[in-house]
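Summary of the model geometry
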Amino acid sequence: MDSVDQENPIQGRRQQVHHGSTEQCVGNDSSSSAIRRLKSAVTRKWRFLIPSCFRRPSSSGLSISLSPPAISVYQVWPGKNVFFLDGRVICGPDPRGLILTAIAVLLSERILLADVVDPSWKHPVLIAVFSMALAAAVIATLLLTATRDPGIVPRSRTSPPQEADTSAGIGTRSRRIVIDGVEMEQKYCRICDIFRPPRSSHCAICDNCVDKFDHHCPWIGQCIGLRNYRLYLLLITLALAFYTHTLAFSVRRIRVQLGTAAGAGLLGLLRSWPEMVALAGFSSMAVWLLACLLVYHVFLATKNQTSHETHKGQYRSSHNPYDRGVLRNFRECLFEKLPPPRVDFTAVAQPNLIGSAPTTTLAFSQFTIPPGC
């Protein structure tokens, strides 16, 4: 063996170099595979933050799969909602009201800081900081109210029970239920194919049945229902505080300017400070409307009613079975734990085995929502 090594020293060195390079390649492959596993784990965890148009396939190269890709519930949901972050954020179909409301708050704050707050006042920094905190709270509550599930009721693809009353002659279906000793009519929704839960109604704008439906707010662009009514009340309260603060200091600055500009009058002030006068007028109108709206909803909360029920006169012929007294009504409205969402829009929609296999053009009738939703 020694003689062989002595006769072929170059071959021995080549074998050593070859083994060394092989070990180095194995080490590089293991490190690269570990990096790839780490990247895939991070991508799977934070995938919902990446827009769909920027996502790359999970595997490199081409792969052929006979099974169709997984379809989430939000992708085949027949309502008119707009979804973001893989169904985790739910917005209404028309965002113009939400955008206008946010612009109004931000523009009011900008005019207040630029033209109303006088550096010669006592504690101008404190006034400005308090105003910015109120504006930030209003914007945050506005976004939370507009992007939360208001209590969407899941749909059904089955036919209604035979005991439904169809004697109206116009295709309406209803049945009688008893709640706390009061007999009430439970209507059948022909769009969602369900008997609506008590206190729910179908929103024609969002095209959904919503639990404890109050109204569809055009300035938020979302339905107001069971799961975002508290945020809506908080939004009204914060917006009222913000515009009351803005109106108070706008009027104070106008009085100061009228006192210093002798003979100028309101028209001269309007020519010199149009933004400040416009802010005062807009703030006074906003304070009046928000105060009336807050008083109205506080009145409804004391009776445990919704705007929709009051508008329809649902309890004219009988007492409200949900009225449990002022204190208990307030506790239920503001402090009781809210139920989880009825529909999990991030879940995988199950293809309906009875119908044909799903194609590129998706139809809601080809999919069923899992029972957990």
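All values reported here derive from a predicted model rather than from experimental measurement.

1. As for the sheet that holds strand β5 (residues 194-195)
Whether parallel or antiparallel, the strands of a sheet pair through hydrogen bonds between backbone atoms. Strand order in this open sheet of 3 strands is β3-β4-β5, and the pairing throughout is antiparallel. The open sheet has two edge strands with one neighbour each: β3 (174-179) and β5. Bridge analysis of strand β4 (residues 182-189) against β5 gives 2 bridges, and the strand direction is antiparallel. Residue pairing in the sheet places tyrosine 188 in a bridge with phenylalanine 195 of β5.

2. A word on helix α4 (residues 96-116)
Residues three or four positions apart in an α-helix share a direction because the helix packs 3.6 residues into each turn. For α4, spanning 21 residues, the distance from its first C-alpha to its last is 28 Å, which sits close to the expected 30 Å at 1.5 Å a residue. Taken together, the buried positions of α4 are Gly97, Leu98, Ala102, Val105, Ser108, Glu109, Ile111, Leu112, Asp115 and Val116. On its buried face, α4 is in contact with α5 (124-146), α6 (229-260) and α8 (274-303).

3. Here we look at the packing of aromatic side chains
On inspection of all chains with the given rule, the structure shows 8 aromatic pairs. Measuring from centroid to centroid gives 5.2 Å for tryptophan 77 and phenylalanine 345, while their planes differ by 85°, and the two rings are edge-to-face. Here the residue tryptophan 77 occupies a position in the loop between α3 (73-76) and β1 (82-84), and phenylalanine 345 occupies one in the loop between α10 (326-334) and β10 (350-351), the gap between them amounting to 268 residues. The class for tryptophan 77 is buried, based on a relative accessible area of 6%. Here phenylalanine 242 and tyrosine 243 contribute two aromatic rings whose centre-to-centre distance is 4.9 Å and whose plane-to-plane angle is 75°, an arrangement assigned as edge-to-face. We classify tyrosine 243 as buried; its relative accessible area is 6%. Feature note: the residues Tyr74, Trp77, Phe83 and Phe345 constitute an aromatic cluster, connected by ring pairs. The cationic tip of arginine 155 hangs over the ring face of tryptophan 77; the distance from NZ or CZ to the ring centre is 5.8 Å. Its guanidinium or amino end placed over the ring of phenylalanine 195, arginine 175 lies 4.0 Å from that ring's centre, counting from NZ or CZ.

4. Some thoughts on the pairing of β4
In the sheet, β3 pairs with β4 via 6 bridges, with the strands oriented antiparallel. Note on β4: the bridge partner recorded for arginine 176 is glutamate 185. Where β3 folds back on β4, the antiparallel hairpin that results is connected by 2 residues, among which aspartate 180 adopts a positive phi of roughly 55°. The turn linking β4 back onto β5 is made up of 4 residues, and aspartate 193 within it adopts a positive phi angle of 60°.

5. Considering the packing of α4 against α8
The description of two packed helices rests on the angle between their axes and on the distance between the axes. Orientation of α4 relative to α8, taken along the N-to-C sense of each, is 130°, at an axis distance of 10 Å. As the angle between them shows, α4 and α8 are arranged oblique. Remark: the crossing between α4 and α8 carries left-handed chirality. Contacts between α4 and α8 involve Ala104, Ser108, Ile111, Leu112, Asp115 and Val116 on the former and, on the latter, Glu275, Met276, Leu279 and Phe282. Split into classes, the residues belonging to the contact of α4 with α8 amount to 7 nonpolar, 1 polar and 2 charged.

6. Section: the pattern of salt bridges
Using the criterion set out here, one finds 5 salt bridges in the structure. Across the pair arginine 96 and aspartate 94 runs a salt bridge whose closest N-O atoms are separated by 2.9 Å. Take arginine 96: its relative accessible area is 59%, and that puts it in the exposed class. A relative accessible area of 32% means that aspartate 94 is categorised as partly exposed. Residue glutamate 332 is joined to arginine 324 by a salt bridge in which the shortest nitrogen-to-oxygen separation is 3.5 Å.

7. As for the nonpolar core
One broad rule of soluble globular proteins: the nonpolar side chains tend to lie buried together. With 29 residues, the main nonpolar core has Val105, Ile220, Tyr232, Phe242 and Tyr243 as its most contacted residues. Of all the secondary structure elements, the ones that give two or more residues to this core are α4, α5, α6 and α8. Ranked by the residues each element gives to this core, the list is headed by α6, at 11 residues. Setting aside residues up to four positions removed in sequence, isoleucine 220 forms contacts with Leu98, Leu142, Thr145, Ala146, Tyr232 and Leu235. Counting 13 residues, the second largest nonpolar core, distinct from the first, contains Phe249, Ile254, Met276 and Leu279.

8. Some details on the confidence of the model for the protein
Residues at a pLDDT of 70 or more form 69% of the protein, whose mean pLDDT is 78. A low-confidence stretch, residues 1-7 stays under pLDDT 50, and its non-local contacts, those more than four residues away or across chains, total 0 contacts. Counting contacts from residues 159-170, a segment whose pLDDT is below 50, to residues more than four positions away or on other chains yields 13 contacts.

9. Topic: the packing of α4 against α5
Relative orientation of the contacting elements α4 and α5 amounts to 175°, with a least axis distance of 10 Å. By the angle between their directions, the pair α4 and α5 is classed as roughly antiparallel. Where α4 abuts α5, its residues Leu98, Thr101, Ala102, Val105, Leu106, Glu109, Leu112 and Leu113 lie against Ala128, Ser131, Met132, Ala135, Val138, Ile139, Leu142 and Ala146. Along the lines of polarity and charge, the residues of the contact of α4 with α5 split into 13 nonpolar, 2 polar and 1 charged.

10. Some words on the environment of histidine 308
Its location among the elements puts histidine 308 in helix α9 (residues 307-312). According to the relative accessible area criterion, histidine 308 is partly exposed, its value standing at 22%. For histidine 308 and serine 200, which are 108 residues apart along the polypeptide, the C-alpha to C-alpha distance reads 9.4 Å. Once residues within four sequence positions are removed from consideration, histidine 308 is found in contact with Ser201, Phe213 and Asp214. A distance of 3.4 Å separates polar atoms of two side chains, one belonging to histidine 308 and the other to serine 201.

Rules and cut-offs
Residues numbered from 1 in each chain as written. Predicted model: local features only at pLDDT ≥ 70, side-chain atom pairs only at ≥ 80, totals over all residues. Heavy atoms only, no water. Pairing = 2+ DSSP bridges. Helix = DSSP H or I, 4+ residues; strand = E, 2+ residues; numbered from the N terminus. Expected span 1.5 Å × (residues − 1). Buried < 20%, exposed > 50% of the residue type's maximum accessible area, 1.4 Å probe, protein only. Contact = heavy atoms within 4.5 Å. Phe/Tyr/Trp six-rings, centres within 6.5 Å; stacked < 30°, edge-to-face > 60°. Lys NZ or Arg CZ within 6 Å of the ring centre and 35° of its normal. Axes fitted to C-alpha atoms, helices over the stretch in contact; angles between N-to-C directions. Parallel < 35°, antiparallel > 145°, perpendicular 65-115°, else oblique. Left-handed = near helix turned anticlockwise from the far one by under 90°. Nonpolar A, V, L, I, M, F, W, Y, C, P; charged D, E, K, R; others polar. Salt bridge = Lys/Arg side-chain N within 4 Å of Asp/Glu carboxyl O. Core = buried A, V, L, I, M, F, W, Y, C linked by side-chain atoms within 4.5 Å. pLDDT = per-residue confidence, 0-100. Polar contact = N/O pair within 3.5 Å; in protein donor to acceptor, adjacent residues only side chain to side chain.

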